[in-house]
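Notes for the structure review
The residues making up each chain are set out below.
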Amino acid sequence: NICKNKVNQFVQFKIKEIYDEYTMVDKTHNYILNDSKEDVIACGDSAMIKQTARILVDNAVKYTPKGNDIIVSAFMEQGNIPAFEVQDYGIGISGEDISKVFERFYKVDQSRSTDVKSTGLGLYLIKSIIELHGGTITVESEVDNFTRFTVKLPK
Ligand code: ATP
Ligand code: MG
């Protein structure tokens, strides 16, 4: 487990950094930061945590129509599990596809996003990273409504 020799990370600071970067660079979506009042402290590698959030927000940007909200949050799940979420109000993922999005090279029907540069590796990579940390990643979605990825990290 990668966690063993790593120092504690303040997850909310990494999420805030990602929020700051995307609000600066992408003016076509409405970013919302759900900041945590309590510290969200996880065990892990800070660059990897940040990269994970970046890949999720990258997807949110690609699969969300202009003008819609993208929400990033850091919080302590049930008071004791450090977690963060990326939620968008985009095209969504169907029940059939949702179990496959973490597979290597998996892409949902290309016709729905022909103008989008995509290799189908992002989610596969971050799932591996998170599992190396002993954490979990889950997704909930509704087609043409929303998609929400939740990452839980070890303390
Ligand atoms: P890459 O990240 O390698 O550039 P990608 O974005 O296609 O390419 P993944 O990030 O692994 O690959 O995502 C896999 C597939 O899951 C995507 O092709 C897309 O169909 C679907 N997907 C991922 N995130 C979202 C999202 N927020 N909304 C809708 N569909 C999504
Ligand atoms: Mg991606």
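Now for a description of the structure that goes with this document.

How each quantity is defined
- Residues numbered from 1 in each chain as written.
- Chains lettered and ligands numbered in written order.
- Predicted model: local features only at pLDDT ≥ 70, side-chain atom pairs only at ≥ 80, totals over all residues.
- Heavy atoms only, no water.
- Salt bridge = Lys/Arg side-chain N within 4 Å of Asp/Glu carboxyl O.
- Helix = DSSP H or I, 4+ residues; strand = E, 2+ residues; numbered from the N terminus.
- Buried < 20%, exposed > 50% of the residue type's maximum accessible area, 1.4 Å probe, protein only.
- Axes fitted to C-alpha atoms, helices over the stretch in contact; angles between N-to-C directions.
- Parallel < 35°, antiparallel > 145°, perpendicular 65-115°, else oblique.
- Left-handed = near helix turned anticlockwise from the far one by under 90°.
- Contact = heavy atoms within 4.5 Å.
- Nonpolar A, V, L, I, M, F, W, Y, C, P; charged D, E, K, R; others polar.
- Arc of directions from axis to C-beta.

**So, the pattern of salt bridges**
- Scanning the entire structure with this criterion turns up eight salt bridges.
- Note that Lys-14 is salt-bridged to Glu-17, the shortest N-O span being 3.4 Å. With Lys-14 and Glu-17 both in helix α1 (residues 11–25), this residue pair falls three residues apart, about one helical turn.
- Using a relative accessible area of 16% as the deciding quantity, one classes Lys-14 as buried.
- Of the charged contacts, one joins Glu-21 and Arg-54 as a salt bridge, the two residues approaching to 3.2 Å between their closest N and O atoms. Residue Glu-21 is found in helix α1, and its partner Arg-54 is found in helix α2 (residues 46–62); the two are separated by 33 residues along the sequence.
- By relative accessible area, Arg-54 is classed as partly exposed at 26%.

**Observations regarding the packing of α1 against α2**
- Running from N to C, α1 and α2 point in directions that differ by 40°, and their axes come no closer than 9 Å. Viewed along their axes, α1 and α2 adopt a mutual orientation that is oblique. Once α1 is placed against α2, the crossing between them reads as right-handed. Residues Lys-14, Ile-15, Glu-17, Ile-18, Glu-21 and Tyr-22 of α1 lie in contact with α2, whose contacting residues are Ser-46, Ile-49, Lys-50, Ala-53, Arg-54, Val-57, Asp-58 and Val-61.
- Of the residues in the contact of α1 with α2, the class split is seven nonpolar, one polar and six charged.

**Description of helix α4 (residues 122–132)**
- Of the positions making up α4, those classed as buried are Leu-123, Ile-126, Ile-129 and Ile-130. Down the axis of α4, the smallest arc covering the buried residues is 125°, so these residues share one side.
- Structurally, α4 contributes buried residues whose contacts are with α2, β6 (136–142) and β7 (146–152).
- Gly-134 sits one or two residues past α4 and shows a positive phi near 80°.

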